[in-house]
Amino acid sequence: VPKNDLLQGTLDLLLLRILTLGPNHGWGIGNRLRQMSGEGLNASQGSLYPALHRLELRGDVRSTMQASENNRKARIYTITPAGRRRLQAEQKSWEQFALSMRRVLGSD
Amino acid sequence: MLVSLIARLRGLVTRRNVERELDEELAFHLEQETAASVARGMAPDEARRVALGTLGGLTQTVEGVRDVRATWVDSVWRDVRFAVRGLRRDPAYASVTLLTLAVAIGANAAIFGIADAALFKPLPFEHADRLVAVRETAEEHGLIPVNAMHAREWRRLSQTLESIALIGTAPLNLTGVGDPERLPAARVSPELFPMLGIRPQLGRTFREDENVHGQDGVVLISDGLWRRRFGADPDIIGRTVTLNGTARNVVGVLPADLEFPSLAHLYAIPLPAGLAERPEVWIPLAPMEMEFRPDGAFNFICVALLKPGFTPEQAEAELDGLEAGIAPELTQTLKLATSVVPLRTQVVSGSAAGITLLFGAVGVVLLIAAVNVASLSIARLSARRQELAMKSALGASHARLTREVLTEGLVVAGLGGGLGVLLGVAGLRAMLALAPGDVPRLSEAQIDGRVLLFTLGVTMLTGLVIGVLGAWRFSSVGAREAAATGTRTTASGAHLRLRAGLVAAEVALCAVCLVACGLLLRSFGQLLDVNLGFETARVTTVDVALTDDRYADAGDRGVFVQRVLDRVGTVPGIEAAGATHFLPLDGIAGTSGLIVEGRPDVPTLDRPLARVRSASPGLFAAMGIDLRKGRGFSPSDADRAVAVISEAAANTIWAGEDAIGKRFRFGPAAGPVRWIEVVGVAGDVHSDAADLPAPLTVYVPYALEAFPTVSFVFRTQDEGTKTQAAVRDIVRSIDPDVPMSPFRRLQTIVDDAMAQRRFHVLVLATFAATAVALVVIGLYGVVSYAVSQRTREIAVRLAIGAAPGAVRRMVVWHALRPTLLGLAIGVPAALVVAVVMRSLLFEVMPYDLMTVSGVAGLLLAASVASAWLPARRACAVEPSRALRAE
């Protein structure tokens, strides 16, 4: 299972999906990704944070600096309506893509 | 898109915040990671270590986020700050490079200020791109001013010119308001003002019906005169002023910002200083009948407006065709034709070559400066090899490092350019003070938006040259290779070759600059050696204008001049005094075609043409003009038809004969024929210009050609100014109403005539000296570097018994090799430039051996001198210590 080299664009999709579960900080998002993929997927900080900032610049997520549980300042990301729309659109095309992949690989 | 823009803009404004928040965000991540590992049962220290293990990754994360967030402004700004920090860490490098660039860019800004005003800026008139100057040409005389009758026919028949205006020079005496004053003035066709789009600030310009003799009692005045003499009187329109004794109605005041060229720059041939200035008074042309002769009176400036879509060449072809119909005889005998050029070309014609040369030279200085700085920055890059290699290893991309090097070049140039603009302002001020008055449109020269834009462009280019050379060097070595110690020697070899090549280029450029400067210097020297034919020591002159009605009669003018001279002769301290109406080197005197007794008559311009100067009996003594044959004038000659002619005239007109006793007259024959007898032959005087051959000259007694202006010339025993006051009192006591010019020393007139050359030589010499200094710095840098690289080798050589002399020779060779290479390229290039600038030379061939060998010698000497210190250092190497150090 590829651990670091997620397909280009897939990471954005995964991050948006995780954020539909509720606002979260970067570490929490990374953690969720590991959990939800059954330890199968792991985004390094080196790609996680740039991706989050890129999503913010694109307007798909919003972020605020908030005091966390142990009173440290943490950046909390929230998905925006635009982000949800993008997630929906890209989820469809991803499923299409995955289906096509399976057909081709399955017929082998 | 918009969201993204806002986010980025916010990032720009709150850059500090974004960075701090990013730090906090990642610190939080680290803490969570550690806490999670501890929770999984890892020892806290171990957990911390594992989390910190991603520290390298952490830097990459920061970079990654920055890359996402960064706008180009961000990254450029970061590179700029980085470059500035680098410069501050290296003050020696920073000060040398910034100073070098500031001087070079400043000099460029200043020269461009002058060149732009003179050569590039459109004339400040409407339709400036369609304005042309029309001149006539005759085969033997080149350009001549325009004949009024010809112009009248052009106006009638031309299909290419929309409008044609004539301008005549006519200084006028203003009397009746305070002190009498002689004012530069112009007689102009009424078309001139609408054609140039000049609208008066008060009143109107001339009407067509005022362009007729007898109905022309009107005058326009300049803003300056209006303020100076009339207190900016708003009711000036309709007031009467007396000019040359004639009353004229003021009909208008011209605008304050009118930048009308001085008449000297519009006239096809040189004009005396008194006629050349910017007019302050304008009267209708109202041509007189005698000015409509088809074969004479080539007296006028002609400015015309092309119809849209026509070129000056087309107009010239058309006028040439018309000319054949207007003056068929002259077009045959004299090859009379026309010359039509853009008006701006005429205005700068006297200075274009010189200004272009200075502009070129200052460009060369900048190139040398840029190459020098590039060479220094390459040296610095080599010193930073380790740092760059480290960055490269830490993941900085090659493109990123290249960008850093480029940015540094631009930053250095930018800072240098900023300082340069300040220096340019000071430099332009200095040059305006130094520049001769006859550089056209000097009053329009200033550091304005155009100059700043030019400087910005030059600065960017300089930065690119520096940056690209540096980046090229950087990529050719390669950061990784640079880090490896094993390749040190090859790297430094390539480095040395590159810098030596750059210095060779500098030497070549410098040689071009030096040869140009040397040729001008030699020309100037030759010019100073010209025997002008008169003595300037302790000679003072003053002009008096007898243009008043009271002096309408030539006899009265003669009486006035004689009375002044009689009394000036008795002033203690005055050795000799005389009068003439045209001083040498102060414009070109009137020219007459001589009709020689006993020879068939020919058309005017085919006759021997001679400058006519009046001379009182004492003039030859006062000016130190030799009498070669016969006699000079005596007081009894005042009303006799006699002449003293110059040697050139005698040898040309009466070659092989004795001129004394021969007779001639001026054409055309009006009234009774009066032959003028030659009584003496005087030495030649280079009166047109020091670098022009002495013209044929005919001196006649003042009364014979009684011109309305007179220059008194007197030689004093000492330099005292007491005699000036005495002369002024004498003139005033004889007639308090005649305007007098300020006193001028004859030497000043000679100096002024050479001022433009002196200015060129001075500025070019400054540039050349700067270029040499830069080359010496460049050579020194290369040789020093070579010595530092070869310390070990030199130590070995010394240890096994090499003589210090041999080592010194080896070091000097490092400077000589690029110098010789540079000379091999530079000297041929310089000769090409020298041929191009031939028109600026005087009595010096473009391939002047003395100049070229002098330049080569100077550069070789400079290169040996620049190697001297490094050579001494090399010989002082202590073998044992140097070898241990490695």
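Right, let's walk through the structure included here. The structure presented is a predicted model; accordingly, all values stated were derived computationally and were not measured.

**So, helix H4 (residues 81–106) of chain A**
Residues and elements named next belong to chain A.
Part 1 of the reasoning: Over its 26 residues, H4 extends 37 Å from the first C-alpha to the last, a length consistent with the 38 Å expected when each residue adds 1.5 Å.
Part 2 of the reasoning: For H4, the full list of buried residues reads Gly 83, Leu 87 and Ala 98.
Part 3 of the reasoning: Each element contacted by the buried residues of H4 is listed here: helix H1 (10–19) and strand S3 (73–79).

**Observations regarding the pairing of strand S16 (residues 574–580) of chain B**
Residue and element names in this part refer to chain B.
Part 1 of the reasoning: Across the 7 residues of S16, 6 count as buried, placing the element largely inside the fold.
Part 2 of the reasoning: One ladder, built from 6 bridges, connects S16 with strand S24 (residues 709–716); its direction is antiparallel. Residue pairing for S24: Ala 576 is matched across the bridge by Arg 715.

**Some words on the sheet that holds strand S1 (residues 24–25) of chain A**
Residues and elements named next belong to chain A.
Part 1 of the reasoning: Read across the open sheet, the 3 strands follow the order S1-S3-S2; overall the sheet is antiparallel. The strands lining the two open edges of the sheet, one partner per strand, are S1 and strand S2 (61–67).
Part 2 of the reasoning: Both S2 and S3 contribute to a ladder of 7 bridges, which runs antiparallel. Across the sheet, residue Arg 62 finds its bridge partner in S3, namely Thr 78.
Part 3 of the reasoning: Sitting on the sheet, H1 touches S1, S2 and S3, and the angle it makes with S3 is about 95°.

**Topic: a nonpolar patch on the surface**
All names here are of chain B.
Part 1 of the reasoning: Judged by side-chain polarity, Leu 410, Leu 453, Leu 456, Met 460, Leu 461, Leu 464 and Val 468 come together as a nonpolar surface patch covering roughly 660 Å² of accessible area.
Part 2 of the reasoning: Of all the elements, helix H18 (residues 449–477) adds the most residues to the nonpolar patch, at 6 residues.
Part 3 of the reasoning: One can find Val 468 in helix H18.

**Side note on the pattern of salt bridges**
Part 1 of the reasoning: All chains considered together, the criterion is met by 41 salt bridges over all chains.
Part 2 of the reasoning: The shortest N-O distance in the salt bridge between Arg 130 of chain B and Glu 162 of chain B comes to 3.3 Å. Taken together, the residues span a long stretch of sequence, with Arg 130 of chain B in the loop between helix H6 (91–120) and strand S1 (131–138) and Glu 162 of chain B in strand S4 (residues 161–169) at a distance of 32 residues.
Part 3 of the reasoning: Taking the relative accessible area as the measure of exposure, Glu 162 of chain B reaches 45% and is therefore partly exposed.
Part 4 of the reasoning: Where Lys 662 of chain B meets Glu 657 of chain B, a salt bridge forms, and the shortest distance between an N and an O atom there is 3.8 Å.
Part 5 of the reasoning: Taking relative accessible area as the criterion, Lys 662 of chain B reaches 24% and is therefore assigned partly exposed.
Part 6 of the reasoning: Residue class for Glu 657 of chain B comes out partly exposed when judged on its relative accessible area of 42%.
Part 7 of the reasoning: A single network of salt bridges, built from pairs that share partners, joins Asp 12, Arg 54, Arg 58, Asp 60, Arg 86 and Glu 90 of chain A.

**Observations concerning the side chain of Arg 75 of chain A**
Part 1 of the reasoning: Position of Arg 75 of chain A relative to the elements: it lies in strand S3.
Part 2 of the reasoning: Within the structure, Arg 75 of chain A has its side chain in polar contact with the side chain of Ser 63 of chain A (distance 2.9 Å).
Part 3 of the reasoning: Among the polar contacts listed, one links the side chain of Arg 75 of chain A to the side chain of Glu 21 of chain B, at a separation of 3.4 Å.

**Let's talk about the environment of Arg 135 of chain B**
Residue and element names in this part refer to chain B.
Part 1 of the reasoning: Here Arg 135 shows up in strand S1.
Part 2 of the reasoning: For Arg 135, a relative accessible area of 8% puts it in the buried group.
Part 3 of the reasoning: Note: C-alpha distance between Arg 135 and Ile 660 (525 residues apart in sequence) is 38 Å.
Part 4 of the reasoning: Once residues within four sequence positions are removed from consideration, Arg 135 is found in contact with Leu 143, Ile 144, Val 146, Ala 268, Ala 337, Thr 338, Ser 339, Val 341 and Gln 346.
Part 5 of the reasoning: A polar contact of 2.4 Å, which involves the side chain of Arg 135, links it to the side chain of Gln 346.

**Points about the sheet that holds S24 of chain B**
Part 1 of the reasoning: Taken together, 4 strands build an open sheet; the order of strands is S16-S24-S15-S25 (chain B) and the sheet is antiparallel. A strand with exactly one partner marks an edge of an open sheet, and here the two such strands are S16 and strand S25 (744–745) of chain B.

**What to know about the interface of chain A and chain B**
Part 1 of the reasoning: Across the boundary between the two partners, chain A contributes 20 residues, which contact 24 residues of chain B.
Part 2 of the reasoning: The contact between chain A and chain B buries some 2,200 Å² in all, and 56% of this surface belongs to carbon and sulfur atoms.
Part 3 of the reasoning: It is Trp 27, Gln 45 and Leu 57 of chain A in chain A that bury the most area against chain B; as a group they hold 36% of the surface buried on that side.
Part 4 of the reasoning: The interface formed by chain A and chain B contains 2 salt bridges.
Part 5 of the reasoning: The residue Arg 75 of chain A makes a salt bridge to Glu 21 of chain B at a minimum N-O spacing of 3.4 Å.
Part 6 of the reasoning: There are 6 residue pairs in polar contact (both at pLDDT 80 or more) connecting chain A and chain B.
Part 7 of the reasoning: Only helix H2 (26–36), helix H3 (45–58) and S3 of chain A provide two or more residues apiece to the side of chain A that touches chain B.
Part 8 of the reasoning: At 8 residues, H3 of chain A tops the list of elements feeding residues into the side of chain A that touches chain B.
Part 9 of the reasoning: Here the side of chain A that touches chain B is built from residues that sort into 7 nonpolar, 8 polar and 5 charged.

**Looking at helix H7 (residues 148–157) of chain B**
Residue and element names in this part refer to chain B.
Part 1 of the reasoning: Of the residues making up H7, those classed as buried are Ala 148, Met 149, His 150, Ala 151, Glu 153 and Trp 154.
Part 2 of the reasoning: Against S1, strand S3 (146–147), S4, strand S13 (298–306), helix H12 (312–326) and strand S14 (337–342) lie the buried residues of H7.
Part 3 of the reasoning: Measuring from the side-chain oxygen of the N-cap residue of H7 to the backbone nitrogen of Met 149 gives 2.7 Å; that N-cap residue is Asn 147.

**Let's talk about the packing of H6 of chain B against helix H26 (residues 755–789) of chain B**
Residue and element names in this part refer to chain B.
Part 1 of the reasoning: Packing of H6 against H26 brings their axes to within 12 Å, and their N-to-C directions diverge by 160°. Between H6 and H26, the crossing angle belongs to the class labelled roughly antiparallel. The interaxial crossing formed by H6 with H26 has left-handed handedness. Residue-level inspection shows Thr 100, Val 103, Ala 107 and Ile 111 of H6 in contact with H26, the latter providing Val 763, Phe 767, Thr 770 and Leu 774.
Part 2 of the reasoning: In terms of residue class, the contact of H6 with H26 is built from 6 nonpolar, 2 polar and no charged.

Reading guide: rules and limits
Residues numbered from 1 in each chain as written. Chains lettered and ligands numbered in written order. Predicted model: local features only at pLDDT ≥ 70, side-chain atom pairs only at ≥ 80, totals over all residues. Heavy atoms only, no water. Helix = DSSP H or I, 4+ residues; strand = E, 2+ residues; numbered from the N terminus. Expected span 1.5 Å × (residues − 1). Buried < 20%, exposed > 50% of the residue type's maximum accessible area, 1.4 Å probe, protein only. Contact = heavy atoms within 4.5 Å. Pairing = 2+ DSSP bridges. Axes fitted to C-alpha atoms, helices over the stretch in contact; angles between N-to-C directions. Patch = residues over 30% accessible without salt bridge, like charges linked within 9 Å, V, L, I, M, F, W, Y side chains within 5 Å. Areas by Shrake-Rupley, 256 points an atom, 1.4 Å probe, with all protein chains shown as cover. Salt bridge = Lys/Arg side-chain N within 4 Å of Asp/Glu carboxyl O. Polar contact = N/O pair within 3.5 Å; in protein donor to acceptor, adjacent residues only side chain to side chain. Buried area = accessible area lost by both parts, 1.4 Å probe. Nonpolar A, V, L, I, M, F, W, Y, C, P; charged D, E, K, R; others polar. Parallel < 35°, antiparallel > 145°, perpendicular 65-115°, else oblique. Left-handed = near helix turned anticlockwise from the far one by under 90°.

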